[in-house]
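# Coordinate inspection notes
Given next are the chains, with one letter for each unit.
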Amino acid sequence: MKFGKLLAVSSVVEWREHYLRYARLKRQLQRLKEISVSRPSENDALMPKYGECGERSALEREFFVLLEEDIATVSQFFATEIDKLTEKVRTVNKEDKRNVEQCYKYARNLQSYRSINFTGFRKIVKKFDKISGCQELPRFMERIQKENFSSPAKISTLVESLRSLLPYSTEEWEEFSVQIIPPERTFKIVRLILSVICGVSIFFIPFLPPDKSREHSCFALLGFIVSKALPYFATALMVPVMVVWLGVLDTKSTEESALLVMSSMFDHITILMLGGFTLAECFGITGLERFLAGVLQNRLSKHPRVYILSVMIFGMVLSMWLSNATAPVLILPVITPLLRDLPTTAPYSRALVLGVAFGCNIGGTLSPVSSPQNVVALSALHAIDRDISFGKWCCAALLFGIAACLATWGALALYVVFMESKFDHHSRLIIKSLPLAMHLEKHSTAKLSTRILAACTCAAAVGAWATIGITKPVIGDLGLISLAFCVIVFGARWLEAPRITPAFQWHLLVLVGGGKVLSLALRSSGALAVASEVLAHLLRVGSRTSTSTPQLLTNSTEFICASPFTAWCAQAQLVIATVAATTFVSHTVAALIMVPLAVQIGDEALGCVPLDVSNTSGPTGAGAELAAFVCALACSSSMVLAVSSIPNAVCSTCEDDWGKPYLSSMHYAILGALATLTSTVLVCTVGFFAARLLFS
């Protein structure tokens, strides 16, 4: 077993922040190896002292700075814990068997901590000598002998004194303690049972007429999905099965339902996402992401909070021209080396990961092709022969996006300042500057010609996606562009078949596929029509001809809403309802449910509100476009849960060298709620009025 793996499985989980950061030092050595620093051979007798092997490069100096940081961390922690252990041994109750066992286990853990860190320091300096051509190990071993953890004498004495207090032999206990026991994965059976009860209850509650059995079944399935009893990708896999078996679809036979469901699960949107994942891998060949990371970190290393803003803007731009499903896949590999050089529990580390998620969520509003919910909005408008041009959408959304990005970044910066104020001024959890995680000397191991061709192909694919509104009569569909791009990349052997499995994030593809099947079920079963009637009644915005809901007009020739302010109030209610719904289901699923409702309500009500108060000549007819646009923005504004959107889901998988995630549900709940509230206010103000101005 390699030492890095041994360190990972042998470390005490509660102490992981205090171990030698072996993986970080190995990354530094890898960078040193890449630039191939040459040095003339020197006689050992003439070699300078430890830390002064000739004229060092910046990478070598940084390696020893990081090494000294880890030595200080291990030494300080070991000194604190050895004092605690000494006090425990002095006061241990010899008659209490359990107390002695716990104290002995604690001592053995500390003994293992000392041993594995000492070994790790020796191994990493030995690797440095091999790469650099120096002979630093002998001098380093002399230097490290000054540290308190270098000698095993004191901890061994304490372990032996505790072993003598145990009433039995420790051989069997020792054999058990060194076994690597994988963590138990408990199945949340109680949560599953409650979810099943919820779904079954909805199925049998007679809140709809007896002739609406399909609607009943669809709402029961929706209740189970919202409960999140299973992992989100497992739930997505379950949706097609339950849709067919519950008879939700309006078809003549089960076989027909099955064919319809399977054909709708993977379509051009899935192919588009495959193209995005391929683009992410191909982009890695060029080394451009490493170059950009190096530029950003070199320019902003002294301004870490501004770096968060730059990453958010980067995510917005990529989301705008690619999609917000692809953007986080591209950005996370760029910032991961930097993240892993920072403490996992540092507020800044968590804010940076959240910045990627929030930036990509906001970027998903900036163009008609930047997210599935925008595509849903345009499709709903096309169904009633309405449309929003590519340029108008981008202009209106850009105003909202800039405001939302700055406001969300401000919230993250305040979070970092507030949390860091609780720590000591010299705490390593306070990030005052960014480590140099990337360097500009070398970006890729591929040939220069391959990198240039790959970069040109990526640029051509992005350009084709961006101009699809103009070239659609010739090209046909975004999915065909993705397929052509994949053919070029794999046909030219820039990517080999073994890279397909890690590159294509199948759990995300399954999530999107399950959302599309759920949308089909909602439409086919009639549940969407039921929800539309209920929502219209709650918003008190009735149809011009229907008398089943409250009317706001005396006749069809008058404006449905009495004033622009009333129209804004109705739209604000719709935005709040959309954000609330999106909190419990994904952005895509919420868009599939809410956007058609918004278009229907907007066409019947908000379209009769004059954009200019002084203009009373008649309706403007822009209500459907306004409602669809604002509802699409609202769908992207919910960021409370890790499963609310693809960017949130991707960023929730970001882990440190120990496999510990940077974010928990609590971080999403607190900071995500703040970002959601901020974005919702901006949708109701900047987004709404920008759209009214441009869509008139």
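Structure: above.
All of these numbers come straight from a predicted model, not from anything done at the bench.

For the rest of this paragraph, the subject is a nonpolar patch on the surface. Residues Ile 313, Val 317 and Trp 321 make up a contiguous nonpolar surface patch of roughly 240 Å² in combined accessible area. Relative to the helices and strands, Ile 313 is located in helix α14 (residues 304-321). On the basis of relative accessible area, Ile 313 is assigned to the partly exposed category, the value being 40%.

Moving on, we get to a positive patch on the surface. There is a patch of like positive charges on the surface, built from Lys 2, Lys 26, Lys 33, Arg 122, Lys 123, Lys 126, Lys 127 and Lys 130. Mapped onto the elements, Lys 123 comes out in helix α4 (residues 97-132).

Before going further, it helps to spend a moment on the nonpolar core. The biggest cluster of nonpolar side chains holds 135 residues, and the ones touching the most others in it are Val 243, Tyr 307, Ile 335, Leu 352 and Phe 629. Ranked by the residues each element gives to this core, the list is headed by helix α27 (residues 623-637), at 11 residues. Residues contacting Tyr 307, with those up to four places away along its chain left out, are Leu 296, Gln 297, Leu 300, Ile 335, Leu 338, Tyr 348, Leu 352 and Leu 434. In this structure, Leu 25, Leu 66, Tyr 104 and Leu 166 belong to the second largest nonpolar core, which totals 47 residues.

Looking at the secondary structure, you find His 587 in helix α26 (residues 587-604). Here the side chain of His 587 touches Cys 635 through a polar contact of 3.2 Å, landing on its backbone oxygen. A polar contact of 2.6 Å, which involves the side chain of His 587, links it to the backbone oxygen of Ser 638. Residues within four places of His 587 in sequence aside, it is in contact with Asn 361, Gln 373, Thr 582, Cys 635, Ser 636, Ser 638, Ser 644 and Ser 645.

The next thing to look at is the environment of Arg 163. The residue Arg 163 is located in helix α6 (residues 153-163) in this model. Reaching out from Arg 163, the side chain makes a polar contact with the side chain of Tyr 104 at a distance of 2.9 Å. Side-chain polar atoms of Arg 163 contact the side chain of Glu 160, separated by 2.4 Å.

What follows concerns the pattern of salt bridges. Scanning the model with the defined rule gives 8 salt bridges in all. We note a salt bridge from Glu 69 to Arg 24, for which the minimum N-O separation is 3.7 Å. Of this pair, Glu 69 sits in helix α3 (residues 58-91) while Arg 24 sits in helix α2 (residues 22-35); the two residues are 45 residues apart in sequence, bridging distant segments of the chain. On the basis of relative accessible area, Glu 69 is assigned to the partly exposed category, the value being 40%.

Further remarks concern the state of the cysteines. Summed over the entire model, instances satisfying the criterion amount to 0 disulfides. Between Cys 631, a free cysteine, and Cys 635, which holds the nearest cysteine sulfur, the sulfur-to-sulfur gap is 4.5 Å. Lacking any disulfide linkage, Cys 654 is separated from the closest cysteine sulfur, that of Cys 651, by 7.2 Å.

What follows concerns the packing of aromatic side chains. One pass over the full model with this rule turns up 12 aromatic pairs. Ring centres of Trp 15 and Tyr 113 lie 5.9 Å apart, and the angle between their planes is 85°; this geometry places the pair in the edge-to-face category. Here the residue Trp 15 occupies a position in the loop between α1 (3-10) and α2, and Tyr 113 occupies one in helix α4, the gap between them amounting to 98 residues. The pair Trp 15 / Tyr 113 is uniform in exposure class, with both members buried. Linked through ring pairs, Trp 15, Tyr 19, Phe 77, Tyr 106 and Tyr 113 together constitute an aromatic cluster. In this structure, Lys 88 packs its charged tip against the face of Tyr 106, placed 4.0 Å from the ring centre.

What follows is about the packing of α14 against helix α15 (residues 327-340). Interhelical geometry of α14 versus α15 gives an angle of 155° and a closest axis separation of 9 Å. Classed by the angle they form, the pair α14 and α15 counts as roughly antiparallel. Taken as a pair, α14 and α15 cross one another with a handedness that is right-handed. From α14, Tyr 307, Val 311, Phe 314, Gly 315, Leu 318 and Ser 319 reach across to α15, where they touch Ala 327, Leu 330, Ile 331, Ile 335 and Leu 338. Counted by class, the contact of α14 with α15 contains 9 nonpolar, 2 polar and no charged residues.

Criteria and cut-off values
- Residues numbered from 1 in each chain as written.
- Predicted model: local features only at pLDDT ≥ 70, side-chain atom pairs only at ≥ 80, totals over all residues.
- Heavy atoms only, no water.
- Patch = residues over 30% accessible without salt bridge, like charges linked within 9 Å, V, L, I, M, F, W, Y side chains within 5 Å.
- Areas by Shrake-Rupley, 256 points an atom, 1.4 Å probe, with all protein chains shown as cover.
- Salt bridge = Lys/Arg side-chain N within 4 Å of Asp/Glu carboxyl O.
- Helix = DSSP H or I, 4+ residues; strand = E, 2+ residues; numbered from the N terminus.
- Buried < 20%, exposed > 50% of the residue type's maximum accessible area, 1.4 Å probe, protein only.
- Lys, Arg positive; Asp, Glu negative; His and termini not counted.
- Charge placed at Lys NZ, Arg CZ, Asp CG, Glu CD.
- Core = buried A, V, L, I, M, F, W, Y, C linked by side-chain atoms within 4.5 Å.
- Contact = heavy atoms within 4.5 Å.
- Polar contact = N/O pair within 3.5 Å; in protein donor to acceptor, adjacent residues only side chain to side chain.
- Disulfide = S-S within 2.5 Å.
- Phe/Tyr/Trp six-rings, centres within 6.5 Å; stacked < 30°, edge-to-face > 60°.
- Lys NZ or Arg CZ within 6 Å of the ring centre and 35° of its normal.
- Axes fitted to C-alpha atoms, helices over the stretch in contact; angles between N-to-C directions.
- Parallel < 35°, antiparallel > 145°, perpendicular 65-115°, else oblique.
- Left-handed = near helix turned anticlockwise from the far one by under 90°.
- Nonpolar A, V, L, I, M, F, W, Y, C, P; charged D, E, K, R; others polar.

By themselves these figures say nothing about function.
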